[in-house]
Amino acid sequence: MPSRIKPPMGEDNGWWWEQAARDKLVIQRCASCEVLRHPPRPMCDGCRSLEWDFVEACGRGSLASFTVLHHPQVPGYEYPLAIGLVDLEEGTRIVTQLVDCERDDITIGMPLEALIHRDDDGFKLPVFRPARESEA
Ligand SMILES: [Zn+2]
């Protein structure tokens, strides 16, 4: 399979992909008001601070919305391609690929867990699958 088209990685978000390459799903946090935000961006929507750090996500979340892509088919992806909007337990959201599930298995609100997918060329990205551990 041809390799995936790589996301743009600039000054504002390259650090996030570096963490993914180290098998970590992280969330940017405002260093001033501590609000979490994703995707990474330079300024806090709330307090306008340009200072930030990040926290590692626990990887648990639930499905807020999803879509299944059939066309157009971009080289490097398998179709149908399930894309979900996930409410992370930490309180922010991430758009991500859903793996290890069939279309009919996907339901709004389902518990999900993160894993780091590794492409054949070594590129890593966080994706989500149905949670395997039952909620305690
Ligand atoms: Zn802030």
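Here's a quick rundown of the structure. (Residues numbered from 1 in each chain as written. Predicted model: local features only at pLDDT ≥ 70, side-chain atom pairs only at ≥ 80, totals over all residues.)

Some remarks on the overall build of the protein chain
Looking only at helices and strands, the protein chain features one helix and eight strands. By the compact-globule yardstick of 14 Å for 136 residues, the protein chain fits well, its C-alpha radius of gyration being 15 Å. For the C-alpha atoms alone, the extent of the protein chain along its principal axes is close to 40 × 40 × 25 Å. Counting over 136 residues, the protein chain shows a buried share of 16%. (Helix = DSSP H or I, 4+ residues; strand = E, 2+ residues; numbered from the N terminus. Rg over C-alpha atoms; globule rule 2.2 N^0.38 Å. Buried ≥ 20, exposed ≤ 12 C-beta atoms within 10 Å, placed from the backbone.)

Notes on the nonpolar core
Nonpolar side chains in soluble globular proteins generally cluster together in the buried interior. Membership of the largest hydrophobic core is limited to eleven residues, which are Leu25, Ile27, Ala57, Leu63, Ala82, Val86, Leu88, Leu98, Leu112, Ala114 and Phe128. Every element with two or more residues in this core is listed here: strand E5 (81-88) and strand E7 (111-118). No other element matches E5, which puts three residues into this core. When near neighbours in sequence (up to four residues on either side) are disregarded, leucine 25 contacts Ala57, Gly59, Ala114 and Pro126. (Core = buried A, V, L, I, M, F, W, Y, C linked by C-beta atoms within 7 Å. Contact = placed C-beta atoms within 7 Å.)

Here's the deal with the sheet that holds E5
Judged by pairing direction, the sheet is antiparallel, and its five strands sit side by side in the order E6-E5-E4-E7-E8 without closing on themselves. The open sheet has two edge strands, strand E6 (93-97) and strand E8 (124-130), and neither has a second partner. Here the average twist between neighbouring strands, direction ignored, is 40°. Summarising the sheet, strand E4 (residues 60-69) and E7 pair through three bridges and their orientation is antiparallel. (Pairing = 2+ DSSP bridges. Axes fitted to C-alpha atoms, helices over the stretch in contact; angles between N-to-C directions.)

A look at the pairing of E5
Only one face of E5 is buried, namely the one carrying Ala82, Gly84, Val86 and Leu88, since none of Leu81, Ile83, Leu85 and Asp87 on the opposite face is buried. As defined by bridge partners, E4 adjoins E5 across eight bridges and the pair is classed as antiparallel. Note on E5: the bridge partner recorded for serine 62 is aspartate 87. Across five bridges, E5 lies against E6 in antiparallel orientation. Across the sheet, the residue bridging to valine 86 is isoleucine 94, located in E6. The turn linking E5 back onto E6 is made up of four residues, and glycine 91 within it adopts a positive phi angle of 110°.

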